[in-house]
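Residues per chain are reported as follows:
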Amino acid sequence: MSIEDPPPSGLAIRCLDFILTRWILVLASVAGLTLPSIWTLSQVEFSSSVVESFVDSPQDYVAAMELEARFSSNPDLLVWLATDEGQALFSYPILAAIDSAAAEIRQLPYVKQVTCLTDLSLPDQSLSGVRATASRVLLDARLRQGEVPENVRELAAQDRSLSRILKQAASAGRELSEKQLSTIRESLLSDNLLASRILSRSQTGHVMLIELISADQLKPALQIEINRSLRSIVAERGLGKHGTHLSGLVPMQGFAFEQINLVLKTLLPLGGLLIAVSVMLVFKRLEALVLTVRVATIANCWGIGLGIACYGKFSVLMAAVPLMVLVIRTADVIHLLSSYTTERAAGFDHKRALMKMFREVGGACVLTSLTTFVGFASLILVPSNTIRQFGFSSACGVASALLLS
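To start, this report covers the structure provided alongside it. A quick note: this is a predicted structure, and the numbers were derived from the prediction, not measured. (Residues numbered from 1 in each chain as written. Predicted model: local features only at pLDDT ≥ 70, side-chain atom pairs only at ≥ 80, totals over all residues. Heavy atoms only, no water.)

Observations regarding the overall build of the chain
Inference 1: Helices and strands together make up the secondary structure of the chain, namely 16 helices and four strands.
Inference 2: In the chain, 78% of the contacts between residues at least 6 apart in sequence involve partners at least 24 apart.
Inference 3: Per element, the accessible surface of the chain, about 22,600 Å² overall, is 62% carbon and sulfur. (Helix = DSSP H or I, 4+ residues; strand = E, 2+ residues; numbered from the N terminus. Contact = heavy atoms within 4.5 Å. Areas by Shrake-Rupley, 256 points an atom, 1.4 Å probe, with all protein chains shown as cover.)

Here it is in structure tokens:
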């Protein structure tokens, strides 16, 4: 078999000659681009708001938050914690457990206030009918004149909340009777607004309304911890045997950040392990594995680093970039290595095998990478900051991996 040199012409050959003759410059350039990317990644700030990630621009989000700060209660900081207790909701143990759970939640450093079923006051049953109406009219007239009767001050100071009634029963070493619980239940259910806000329609579940501290202090890790803490508190008191539910922006973000942690800490290493095993099974050489991992790592540093530099914080979808770039670009590395090892097995020396690889496989890899690059780069046109960042970083990662390969 005669071994001939490939024609010394074409862009691929010129690129190969440049790499082989100026390899120190090439390595220095790679290092010069990688170190700033690593520094950018080490300084990155994860966006603590999913809303911020999906608005058109960071300035729009800042303007919205400034407008929202003018209101006394920020709806983005409200959490609804609901548990389904079945027919036992209005039993003494469940009501006492709700009151105890609410008290512990109030002690959490990130909680501003809590409103729950046991915070509601029972209506005053001492007045009813025409007498109650006449009393309210007379009181209204005296208040308009600036006069506050003594009995009104006494009623204001008197705590008629269900929480206080439960505490009084506990301090006396007894539980509320079935008759007392039935009276409390009927009194609470007589208020339609209460029934529609605190209790479920089936009257088997209840909701705790929790207001959190400033959104600026709710970092992603803390939002994950909020979900876990709230669920843990109600579970420790035997609440939610028929179901526990969390609603609100912060719980939703906490669940999203938890999934991001899963992707970065579990799925990414697992995907990397499967690819490593595949590469070792195909080539049976450690050098091939090292090359694949090195290309994917540097390409991810470049792609994500450029995405953060251009679009700001690390957004939600960026968690998918590393594994995706690793999977897509491993195919190019395998194609190039397979071509190289085939040419070497055919008897070509190192440089000649590289030249044939460049000519016969390099063009195909460039074309496939170009279509992938264009597909991801087109996402830059989407009016969402996080999708633009994802598309830009993925496109840069794909292009970088091809260049490094």
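So that's the structure; there's more coming.
Some details on helix H15 (residues 350–377)
Within an α-helix, residues lying three or four positions from one another point in the same direction, as the helix has 3.6 residues per turn.
Inference 1: Most pronounced at Val361, the bend in H15 amounts to some 45 degrees.
Inference 2: Of the residues making up H15, those classed as buried are Ala353, Leu354, Met355, Lys356, Met357, Val361, Gly362, Cys365, Ser369 and Phe376.
Inference 3: N-capping of H15 is provided by Asp349, with a side-chain oxygen placed 2.8 Å from the backbone N of Arg352. (Bend = angle between axes of the 7 residues up to and from the residue. Buried < 20%, exposed > 50% of the residue type's maximum accessible area, 1.4 Å probe, protein only. Polar contact = N/O pair within 3.5 Å; in protein donor to acceptor, adjacent residues only side chain to side chain.)

A look at the packing of helix H14 (residues 321–345) against helix H16 (residues 385–404)
Inference 1: Packing of H14 against H16 brings their axes to within 9 Å, and their N-to-C directions diverge by 30 degrees. One finds that H14 runs roughly parallel with respect to H16. The chirality of how H14 crosses H16 is right-handed. On H16, the residues touching Val321, Met324, Val325, Arg329 and Asp332 of H14 are Phe390, Ser393, Ser394, Gly397, Val398, Ala401 and Leu402. (Axes fitted to C-alpha atoms, helices over the stretch in contact; angles between N-to-C directions. Parallel < 35°, antiparallel > 145°, perpendicular 65-115°, else oblique. Left-handed = near helix turned anticlockwise from the far one by under 90°.)

A word on the packing of aromatic side chains
Inference 1: A complete count under the given rule lists one aromatic pair for this structure.
Inference 2: When the centroid spacing of 6.2 Å and the interplanar angle of 85 degrees are considered together, the rings of Phe376 and Phe390 count as edge-to-face. A residue pair is termed long-range when its members are at least 10 positions apart, and Phe376 in helix H15 and Phe390 in helix H16 qualify at 14 residues.
Inference 3: According to the relative accessible area criterion, Phe376 is buried, its value standing at 14%. (Phe/Tyr/Trp six-rings, centres within 6.5 Å; stacked < 30°, edge-to-face > 60°.)

Some thoughts on the pattern of salt bridges
Inference 1: With the rule as written, the count across this model stands at six salt bridges.
Inference 2: The partner of Lys112 in a salt bridge is Glu211, and the shortest N-O contact between them spans 3.9 Å. Highlighted residues: Lys112 in strand E2 (residues 111–115) and Glu211 in strand E3 (residues 205–212), separated in sequence by 99 residues.
Inference 3: In this structure Glu211 comes out as buried when scored by relative accessible area, which is 9%.
Inference 4: A salt bridge links Asp349 to Arg352, with the nearest nitrogen and oxygen atoms 3.7 Å apart.
Inference 5: Look at Asp349 and you get partly exposed, because its relative accessible area is 35%.
Inference 6: Note on Arg352: relative accessible area 30%, which makes it partly exposed. (Salt bridge = Lys/Arg side-chain N within 4 Å of Asp/Glu carboxyl O.)

Some remarks on a nonpolar patch on the surface
Inference 1: A surface patch of nonpolar side chains, amounting to about 630 Å² of accessible area, comprises Leu262, Leu267, Leu270, Leu273, Leu274, Val277 and Leu281.
Inference 2: Its place among the elements puts Leu270 in helix H12 (residues 249–283). (Patch = residues over 30% accessible without salt bridge, like charges linked within 9 Å, V, L, I, M, F, W, Y side chains within 5 Å.)

Regarding the nonpolar core
Inference 1: By size, the foremost hydrophobic cluster in this structure holds 41 residues, and its most contacted members are Ile105, Met208, Ile210, Leu212 and Leu230.
Inference 2: No other element matches helix H5 (residues 92–106), which puts eight residues into this core.
Inference 3: For Leu212, the contacting residues outside a window of four places in its chain are Leu77, Val79, Tyr110, Val111, Lys112, Leu218, Ile226 and Val250.
Inference 4: Ala288, Ile304, Leu326 and Val333 belong to the second largest nonpolar core, which has 21 residues in total. (Core = buried A, V, L, I, M, F, W, Y, C linked by side-chain atoms within 4.5 Å.)

Overview of the sheet that holds E2
Backbone hydrogen bonds hold the strands of a sheet together, and the pairing may be parallel or antiparallel.
Inference 1: If you trace the four strands from one edge of the open sheet to the other, you get E2-E3-E1-E4, paired in antiparallel fashion. The sheet terminates laterally at E2 and strand E4 (244–247), the two strands that pair on one side only. Within the sheet, the average angular offset between the axes of one strand and its neighbour, ignoring direction, is 20 degrees.
Inference 2: Pairing between strand E1 (residues 78–84) and E3: seven bridges, direction antiparallel. From the neighbouring strand, Asp84 faces E3, where its bridge partner is Gly205.
Inference 3: Sitting on the sheet, helix H11 (residues 220–236) is in contact with E1, E3 and E4, with an inclination near 150 degrees to E4. (Pairing = 2+ DSSP bridges.)

A closer look at the packing of H11 against H12
Inference 1: In the contact formed by H11 and H12, the axes pass within 8 Å of each other and the chain directions differ by 110 degrees. Between H11 and H12, the angle is such that the two are roughly perpendicular. In this structure, H11 crosses over H12, and the sense of that crossing is left-handed. From H11, Pro220, Gln223, Ile224, Ile226, Asn227, Arg228 and Arg231 reach across to H12, where they touch Val250, Pro251, Gln253, Gly254, Phe255, Phe257, Glu258 and Asn261.

Topic: the state of the cysteines
Inference 1: As enumerated under the stated definition, the model contains zero disulfides in all.
Inference 2: In this structure Cys396 is a free cysteine whose sulfur lies 7.2 Å from that of Cys310, the closest cysteine sulfur available. (Disulfide = S-S within 2.5 Å.)

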